[in-house]
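The chain contents come next:
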Amino acid sequence: MDLLALADFNLVARHGGFGIASRAAGRPKATLSRRVSELEAKLEVRLFERGGRMLKLTEEGRALYARTSRLLSEMEEATAAIASGGEKPRGRLRISAPLLFSQIAMGKLAAEFAVKYPEVRLEITTEDRAVDMVDEAVDLVIRVNPEPDESLVGRIFLRDRLVVVASPAVARPDGDAVVPAVVRGAGDQSAVWDVTIPSGRLRVAVDPILRLSSMIMVRDAVRVGAGAARLPISLVTHDLADGTLVHWGDVDGPEIALWTLYPTRRLLSARVSAFLDHLREAFPQGTPDELAAYLGR
């Protein structure tokens, strides 16, 4: 692949025409047109629909631009950084984060980062679904227990665990008694919770009387005394400390691990590196206690 031709294609696509691109870059219009034509011939596809004074990207052109514009921008940033002896984070940084972590922590984290790096334009989107980082132009994703993906580089920056909690007004289970429960989402059909307690294991039969769409809503309902719930320990640490909620035991199952992920084929920009460092500073050990302390009361 001719990187110069690819760069010229991106220049024309970004400005929407050969003439505008020529004036913006101080390059001959004929040179830009020739390089784009050579790139089309090499790829054996048409990248632009040419008609009169109009220039429009084809479907193939849009796909190529989406996948190469950010890479070329990062290469330019890296070159400029080496030439200047260092790189200062600047430009747009798009991050996708899960709902609960966004609700409890991302506002504070984003504000602290914006103060620290005023030349970065930070954008946070909140969603639990898997995103296509290239097609959706996302620089970094935060996910809970993600599936393995060879196209992504990642590490765990926080760990948490689920516990069963309830208001002191809700009686602990005795024998085969069924406990009223508050659960997240309609997908949770569990009739029995396996819980680890100091003396061994406990099986809690539950009747989901409330189904709510977020952990924050579940916690609020449990505080009022609606029933028992399975919640991250970091979300209820302060409630347990002041007696608002009572710890019945730890939920059996895998730990909750929050990962940061970015594409393996993408150069790690100063913006992404700075945000990763920001997370490490906020949670140096990555424990539930650190997250609880960061959230405050």
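Residues numbered from 1 in each chain as written. Predicted model: local features only at pLDDT ≥ 70, side-chain atom pairs only at ≥ 80, totals over all residues. Heavy atoms only, no water.

Student: Describe the overall build of the protein chain, listing the residues and the values that go with them.
Tutor: Scanning the protein chain from terminus to terminus reveals 9 helices and 13 strands. Relative to a compact globule of 297 residues, whose C-alpha radius of gyration would be 19 Å, the protein chain shows 26 Å and is clearly more extended. On the principal axes, the C-alpha backbone points of the protein chain span a range of 85 × 40 × 30 Å. Here the protein chain, with 297 residues, has 41% of them falling under the buried criterion. The contacts in the protein chain between residues at least 6 apart in sequence include a share of 75% that link residues at least 24 apart. Within the structure as shown, the protein chain displays about 15,700 Å² of accessible surface, and the carbon and sulfur contribution to it stands at 54%. (Helix = DSSP H or I, 4+ residues; strand = E, 2+ residues; numbered from the N terminus. Rg over C-alpha atoms; globule rule 2.2 N^0.38 Å. Buried < 20%, exposed > 50% of the residue type's maximum accessible area, 1.4 Å probe, protein only. Contact = heavy atoms within 4.5 Å. Areas by Shrake-Rupley, 256 points an atom, 1.4 Å probe, with all protein chains shown as cover.)

Student: So what's going on with the sheet that holds strand 3 (residues 91–97)? Which residues, and what values?
Tutor: The strand order across the open sheet formed by 5 strands is 4-3-5-13-6, and the pairing between neighbours is mixed. What marks the edges here is a single partner per strand, and that holds for strand 4 (120–126) and strand 6 (152–160). Across the sheet, the axes of successive neighbouring strands diverge by a mean angle of 20 degrees, strand direction being ignored. Where strand 5 (residues 140–144) lies against strand 13 (residues 256–263), 4 bridges are found, and the strand directions are antiparallel. When the sheet's bridge partners are listed, Ile142 is paired in strand 13 with Thr260. Across the sheet, helix 5 (residues 99–116) is in contact with strand 3, strand 4, strand 5, strand 6 and strand 13; its angle to strand 4 comes to roughly 175 degrees. (Pairing = 2+ DSSP bridges. Axes fitted to C-alpha atoms, helices over the stretch in contact; angles between N-to-C directions.)

Student: Help me get a handle on the side chain of Ser214, residues and values and all.
Tutor: Assignment of secondary structure puts Ser214 in the loop between strand 10 (200–212) and helix 6 (215–224). Exposure remark for Ser214: the relative accessible area of 4% places this residue in the buried category. A polar atom in the side chain of Ser214 sits 3.2 Å from the backbone nitrogen of Met217. Those residues within four positions of Ser214 in sequence are excluded, and the remaining contacts are Leu99, Gln103 and Arg184. (Polar contact = N/O pair within 3.5 Å; in protein donor to acceptor, adjacent residues only side chain to side chain.)

Student: Before we move on, could you go through helix 3 (residues 29–43) and cite the residues and values that matter?
Tutor: The terminal C-alpha atoms of helix 3, which comprises 15 residues, lie 21 Å apart, in line with the 21 Å expected from a rise of 1.5 Å per residue. Looking one or two residues beyond helix 3, the residue adopting positive phi is Glu44, at roughly 60 degrees. (Expected span 1.5 Å × (residues − 1).)

Student: Got a sec to walk through helix 2 (residues 18–25)? Specific residues and values, please.
Tutor: Of all the positions in helix 2, only Phe18, Gly19, Ala21 and Ser22 are classed as buried. In a view along the axis of helix 2, the buried residues occupy a sector of 165 degrees, so they form one face of it. Seen from the buried face of helix 2, the exposed residues on the opposite side, beyond 90 degrees, are Arg23 and Ala24. Following helix 2 by one or two positions, Gly26 has its phi on the positive side, about 70 degrees. (Arc of directions from axis to C-beta.)

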